[in-house]
Amino acid sequence: MPNPTQPTASHFINGTYVEDTAGAEIPVIYPATGEQIGVVHEATPAIIEQAITSAKAAQKAWAAMSGTERGRILRRAADMIRECNHDLSVLETYDTGKPMSETLYVDATSGADALEYFGGLAGSLTGEHIQLGEDWVYTRREALGLCVGIGAWNYPTQIACWKGAPALACGNAMIFKPSETTPLCALKIAEILHEAGLPAGLYNVIQGTGAVGAPLVTDPRVDKVSLTGSVPTGRKVYAAAAEGIKHVTMELGGKSPLIIFDDASLEDAVGGAILANFYSSGQVCSNGTRVFVQKGIKEAFLKRLHERLQTVVMGDPLDEATNFGPMVSERQMQIVQGFIEKGKAEGARLVCGGERIGTEGFFLEPTVFADVTDGMTIATDEIFGPVMSVLDFETEDEAIARANATEFGLSAGVFTTDLARGHRVIAQMEAGSCFINSYNDAPVEAPFGGAKNSGVGRENSKAAIEHYSQMKSVYVRMGAVDAPF
Ligand code: NAD
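Residues numbered from 1 in each chain as written. Predicted model: local features only at pLDDT ≥ 70, side-chain atom pairs only at ≥ 80, totals over all residues. Heavy atoms only, no water.

Observations regarding the packing of aromatic side chains
Per the counting criterion, the structure on display carries eight aromatic pairs. Ring centres 5.1 Å apart and planes at 90 degrees place the aromatic pair Phe12 and Tyr17 in the edge-to-face group. The class for Phe12 is buried, based on a relative accessible area of 3%. Ring centres of Tyr117 and Phe118 lie 5.0 Å apart, and the angle between their planes is 90 degrees; this geometry places the pair in the edge-to-face category. Taking NZ or CZ as reference, Lys98 lies 3.4 Å from the ring centre of Tyr155, over its face. (Phe/Tyr/Trp six-rings, centres within 6.5 Å; stacked < 30°, edge-to-face > 60°. Buried < 20%, exposed > 50% of the residue type's maximum accessible area, 1.4 Å probe, protein only. Lys NZ or Arg CZ within 6 Å of the ring centre and 35° of its normal.)

As structure tokens, this is what we get:
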């Protein structure tokens, strides 16, 4: 299926599309049909070298520009992304299978938000002056140098921008390696940044599996690695980066709790649980997949949830009426099916869903299990698909303790009309990105990231600046030097 918005080659390096057919072929599969819609080539060592060399050559002059000049280019790119939002959304839908009813509003637009926000901040990045009697210290906020971004497949455009925007605002160069499952979108972001005036070499995109990510992480010319991926990959990449004492941001997996108290608004709690489990067909890292429901509201919650799930519109993601798309790949669908079978085998009650729909594409029904207990596999492991586990609880203290009993700490949510309780419970959640009477909002102004094994560092907000820049302090002596001999 020819798509006019598709990138024209596998890699974008030094301001232009580059191909090297010596690299292994990576097929691009449209998840809604299972059809191959394109192919990219994995980066060869020569491509990796080109990307690093051009980024290194461009970075110092970029860092020497004023923040306002850098920011102007990023803000221009944000405007251009908004102007071609429709085409970029179609591409995101081809890459991921997510319905246009999502991609039109969430993907390229949130990427544009990041470029606009960090473009706006770039001119205000400063150090400080510290007076010490006559002497004084000043600090300079400096770029790290060359940053590597490695993406997951669930939000390819957004991840490319969430990493690229703060990196570039701070004066760094970036090499971005998208997930091999969704290689297309980041190339368009690189193309747009270049058209907006970004000097060549500063935002390069190269394709490949972990076999391309790994040498980027260990290359001594790379100063920082920002990964969005699973905890097992995070462990490997963090360890490899530690060898070179590199800066890292790790945005990893989760198994987040959503606690619904008896006094919650039923309709809002059901809506929150739907957003926390079924948006992007459940392929969202911060999803609240352990839904703790207080006993008094449990049956009403399950009944209303079941009713609302009957209105899901599953089908062609390019049809804007569709609001539930396929899994990103056959492999991901099979992984999720395996978890559903485990849920049944371990004694959870299947309330609805659980089946594959059709034989074309990778569609799975939104699935709800009730009577889930803490030790069941579906309650302990990240599934990354449309599978909600409903667990019962009686007291606030019990819910807090059980919600925190996990290696993960990405997100947590609470639904209650008792605001004091809402704040009290969230304060005790061991998680980085939390919600009260809401779920999965991720505005660029708010820090985003995980606690515990879900990661280190924060994306978005002013906090991201700390992770893409370093401070130099300069002591200035005004008088004579008093040496002991
Ligand atoms: P993954 O861990 O399989 O892969 C992530 C990326 O790492 C891919 O680009 C992959 O090619 C690369 N990679 C793999 N091995 C590598 C290595 N040794 N060195 C360098 N790079 C390597 O994850 P995925 O299946 O693409 O994405 C799903 C996971 O991502 C889930 O666990 C999800 O929770 C997580 N995720 C987290 C966030 C967040 O912000 N916290 C956001 C989205 C997804």
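Regarding the packing of helix α3 (residues 85-96) against helix α6 (residues 185-195)
Helix-helix packing is described using two parameters, namely the angle between the two axes and the distance between the axes. It is the contact of α3 with α6, at a shortest axis distance of 9 Å, that shows an interaxial angle of 155 degrees. For the element pair α3 / α6, the angle class is roughly antiparallel. Taking contact as the criterion, the partners of Leu88, Leu91, Glu92 and Asp95 in α3 are, on α6, Cys185, Lys188 and Ile192. Its residues assigned to classes, the contact of α3 with α6 comprises four nonpolar, no polar and three charged. (Axes fitted to C-alpha atoms, helices over the stretch in contact; angles between N-to-C directions. Helix = DSSP H or I, 4+ residues; strand = E, 2+ residues; numbered from the N terminus. Parallel < 35°, antiparallel > 145°, perpendicular 65-115°, else oblique. Contact = heavy atoms within 4.5 Å. Nonpolar A, V, L, I, M, F, W, Y, C, P; charged D, E, K, R; others polar.)

Concerning the nonpolar core
In globular proteins that are soluble, nonpolar side chains generally tend to be buried together. Grouped together as the largest cluster of nonpolar side chains are 78 residues, with contacts concentrated most on Ile81, Leu115, Phe118, Ile175, Leu193, Tyr203 and Ile206. In contact with Leu115, other than residues within four places in its own chain, are Leu74, Arg75, Ala77, Ala78, Ile81, Cys161, Ala165 and Leu193. Judged by nonpolar contacts, the second largest core, of 29 residues, contains Ile259, Met327, Val372 and Ala412. (Core = buried A, V, L, I, M, F, W, Y, C linked by side-chain atoms within 4.5 Å.)

Section: the sheet that holds strand β14 (residues 349-352)
The mixed open sheet is built from seven strands, whose spatial order is β14-β17-β18-β13-β12-β19-β20. Looking along the sheet, the strands with just one partner apiece sit at the ends: β14 and β20 (433-436). Strand after strand, the sheet turns through a mean of 20 degrees between neighbouring axes, direction not considered. As paired strands, strand β12 (residues 257-260) and strand β13 (residues 290-294) are joined by four bridges and run parallel to one another. Bridge assignment links Ile259 to a residue of β13, and that residue is Phe292. Against the sheet, helix α11 (residues 330-345) touches β14, β17 (367-370) and β18 (387-393), its axis set at about 25 degrees to β17. (Pairing = 2+ DSSP bridges.)

Topic: the site of the ligand
Near the ligand you find 27 residues, and of these Gly151, Glu180, Ser230, Thr233 and Glu382 are the closest. Here an oxygen atom of the ligand and a side-chain polar atom of Lys177 are 2.9 Å apart. With respect to the ligand, the side chain of Glu180 contributes an N or O atom lying 2.7 Å from an oxygen atom. For the ligand, the protein covers 86% of the area, taking 850 Å² as the surface of the free molecule. (Near = heavy atom within 4 Å. Polar contact = N/O pair within 3.5 Å; in protein donor to acceptor, adjacent residues only side chain to side chain. Areas by Shrake-Rupley, 256 points an atom, 1.4 Å probe, with all protein chains shown as cover.)

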